[in-house]
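# Chains, contacts and geometry: an overview
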Amino acid sequence: MKTRPSKWGAAILGLMLIAAPLPPAAARNPTGLSFAKPQKFPVGFDVFSIAAGDFDGDGRLDLVAWNFSKAKAAILIGVGDGTFQAPLTLALDGNPSSIAVGDFNLDGRSDLAVANRDAQTISIFLAVGGGAFAPAASFPAGGSPGALAAGDFDGDGKPDLAVAVPDGVVLLLGDGAGAFAAPARFAAGESYNALAVGDFDGDGIADLAAVSADG
């Protein structure tokens, strides 16, 4: 079997939002794209950011919303019709800075990676079903972590992690069982405050886009 070569890519991007058109009856924004009327789902605390994943493995998207100052996250299990069950609270480690979603143990359920700024570690919360997670396992981040992103950067079919640290970006290669290798630095000498993953050159291997904090 032919193995694809390892490839790590980086680019500098701005912010772009793409939305699919909805029927004309929906409320329209100035761009001409259409959105249904928004629904609100309480989580019990102020939300800093949000991400989607299938945390219970039922094929329907769920949400995780978090507040870093309170060191906790809310898991909202999706019903499949655009609504969500009451939130489940997940306690995070002290002073988390970002969260990434990926199926790190390849069991069909989305897991969580949390960057811990003070401890300089990445905590991995493996989903066990029903919106619950196993106790976290921690791995060195290679510096004080900021932005965090998940993707298969070496093309082996196992999710890896990219972590922005004060002087560059490091990669933690995943073993497909929920553990990660020691961080390997591949971009140094510059600070990045946001990361995004995509196959930007169409070769089947995840690339990395980074927003430079230095301009």
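Just above, that's the structure.
Anyway, here's the lowdown on the structure attached to this text. (Residues numbered from 1 in each chain as written. Predicted model: local features only at pLDDT ≥ 70, side-chain atom pairs only at ≥ 80, totals over all residues. Heavy atoms only, no water.)

### Here's the deal with the overall build of the protein
Threshold: Labels follow the DSSP assignment, with helices taken as runs of H or I lasting at least four residues and strands as runs of E lasting at least two, numbered in each case from the N terminus. Accessibility here uses a 1.4 Å probe with only protein chains present; expressed as a share of the type maximum, an area under 20% marks a residue as buried, one over 50% as exposed, and anything in between as partly exposed. We call two residues in contact when some of their heavy atoms are within 4.5 Å.
Of regular secondary structure, the protein possesses 0 helices and 19 strands. The proportion of buried residues among the 215 residues of the protein is 41%. Long-range pairs, those at least 24 residues apart, make up 37% of the contacts in the protein between residues at least 6 apart in sequence.

### Quick look at the pattern of salt bridges
Selection criterion: What counts as a salt bridge is simple: a side-chain nitrogen of Lys or Arg found within 4 Å of a carboxyl oxygen of Asp or Glu.
Evaluation of the coordinates by the stated rule reveals 3 salt bridges. When the shortest N-O distance is used, the salt bridge between Arg 60 and Asp 58 registers 3.1 Å. Residue classification places Arg 60 among the partly exposed residues on the basis of a relative accessible area of 38%. Across the salt bridge formed by Asp 167 and Arg 185, the nearest N and O atoms sit 2.7 Å from each other. Highlighted residues: Asp 167 in the loop between β15 (160–165) and β16 (168–172) and Arg 185 in strand β17 (residues 184–188), separated in sequence by 18 residues. Judged by relative accessible area, which is 38%, Asp 167 ranks as partly exposed.

### Quick look at the packing of aromatic side chains
Short version of the rule: Any two rings among Phe, Tyr and Trp, with Trp reduced to its six-membered ring, count as a pair given centres within 6.5 Å; such a pair is stacked if its planes are under 30 degrees apart, edge-to-face if over 60, and tilted if neither.
According to the stated counting rule, one finds 6 aromatic pairs in the structure shown. Judged by centre distance (5.8 Å) and plane angle (75°), the ring pair of Phe 139 and Phe 180 falls under edge-to-face. Of this pair, Phe 139 sits in strand β13 (residues 137–140) while Phe 180 sits in the loop between β16 and β17, placing them 41 residues apart in sequence. Of the two residues examined, Phe 139 and Phe 180, each falls in the buried class.

### Describing the pairing of strand β5 (residues 62–67)
Walk down a regular strand and you will see the side chains alternate between the two sheet faces. Which entries qualify depends on this criterion: For two strands to be treated as a pair, DSSP must find at least two bridges joining them.
Most of β5 sits inside the fold, with 6 of its 6 residues counted as buried. Burial along β5 is two-sided: Asp 62, Val 64 and Trp 66 and Leu 63, Ala 65 and Asn 67, pointing in opposite directions, are all buried. Two elements, strand β4 (residues 49–53) and β5, share 5 bridges in a ladder whose sense is antiparallel. Note on β5: the bridge partner recorded for Ala 51 is Val 64. With 5 bridges joining them, β5 and strand β6 (residues 72–76) adopt antiparallel strand pairing. Residue pairing in the sheet places Val 64 in a bridge with Ile 75 of β6. Linkage of β5 to β6, two consecutive antiparallel strands, is achieved through a turn of 4 residues, within which Ala 71 is found at a positive phi near 55°.

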